Amino acid sequence: MRVAVIENMRNTGLGALAAALDEAGAEIEWFRVWQDGILPLDISGHDALVVLGGEQSALDDETHPYLPELARLTRRFGDAGKAVLGICLGSQILARAYGADNHLG
């Protein structure tokens, strides 16, 4: 199993999820969008997607211009029946991807 992990902020680790992925024999590919804005080009190279947290909200497109594409990527994974896990900001992105409102504050 190959898992794409989106890191939205420096040094955001997987915590207990790392052990579970290791036990499952998952191969993890990190995408550090806080650093370079690079996301997976498509969903074919990964079986699952994990979107980690960050200080920003899912609506901070002006300061984090990759967020709209991350929402679209999350939706493509979900629509393809692939596993998607959103943690904190990641859950906001997942909600945004499916048209839900993000209420700030």
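Structure: see above.
Residues numbered from 1 in each chain as written. Predicted model: local features only at pLDDT ≥ 70, side-chain atom pairs only at ≥ 80, totals over all residues. Heavy atoms only, no water.

Colleague: Looking at this structure, how should I read the nonpolar core?
Modeller: Soluble globular proteins: nonpolar side chains tend toward being buried together. By size, the foremost hydrophobic cluster in this structure holds 18 residues, and its most contacted members are Ile6, Leu39, Leu49, Leu70, Leu73 and Ile93. Elements supplying a minimum of two residues to this core: β1 (2–7), β3 (48–51), α3 (67–79) and α4 (89–97). Sorting elements by how many residues they give to this core places α3 first, with 5 residues. Discounting chain neighbours no more than four positions away, the residues touching leucine 49 are Ala4, Ile6, Thr74, Phe77, Ala83, Val84 and Leu85. Of all hydrophobic cores here, the second largest spans 8 residues; its members include Val3, Val5, Val50 and Leu52. (Core = buried A, V, L, I, M, F, W, Y, C linked by side-chain atoms within 4.5 Å. Buried < 20%, exposed > 50% of the residue type's maximum accessible area, 1.4 Å probe, protein only. Helix = DSSP H or I, 4+ residues; strand = E, 2+ residues; numbered from the N terminus. Contact = heavy atoms within 4.5 Å.)

Colleague: Is there a simple way to think about the sheet that holds β3 in this case?
Modeller: Backbone-to-backbone hydrogen bonds join strands into a sheet, with any given pair of strands oriented parallel or antiparallel. Taken together, the 4 strands give an open sheet; going across it, the order is β2-β1-β3-β4, and neighbouring strands pair in parallel fashion. In this open sheet, the two strands that pair with only one neighbour each are β2 (27–32) and β4 (83–86). Sheet twist, expressed as the average angle between the axes of neighbouring strands with direction ignored, equals 15°. In the sheet, β1 pairs with β3 via 4 bridges, with the strands oriented parallel. Within β3, the position partnered with isoleucine 6 by the bridge is valine 51. (Pairing = 2+ DSSP bridges. Axes fitted to C-alpha atoms, helices over the stretch in contact; angles between N-to-C directions.)

Colleague: Whenever I open this one, the side chain of threonine 12 confuses me. Can you help?
Modeller: Along the polypeptide, threonine 12 turns up in the loop between β1 and α1 (16–23). By relative accessible area, threonine 12 is classed as buried at 17%. There is a polar contact of 2.8 Å between the side chain of threonine 12 and the backbone oxygen of methionine 9. Dropping the residues within four chain positions of it, threonine 12 is found in contact with Glu7, Trp30, Leu52 and Gly53. (Polar contact = N/O pair within 3.5 Å; in protein donor to acceptor, adjacent residues only side chain to side chain.)

Shape descriptors only; they carry no functional weight alone.
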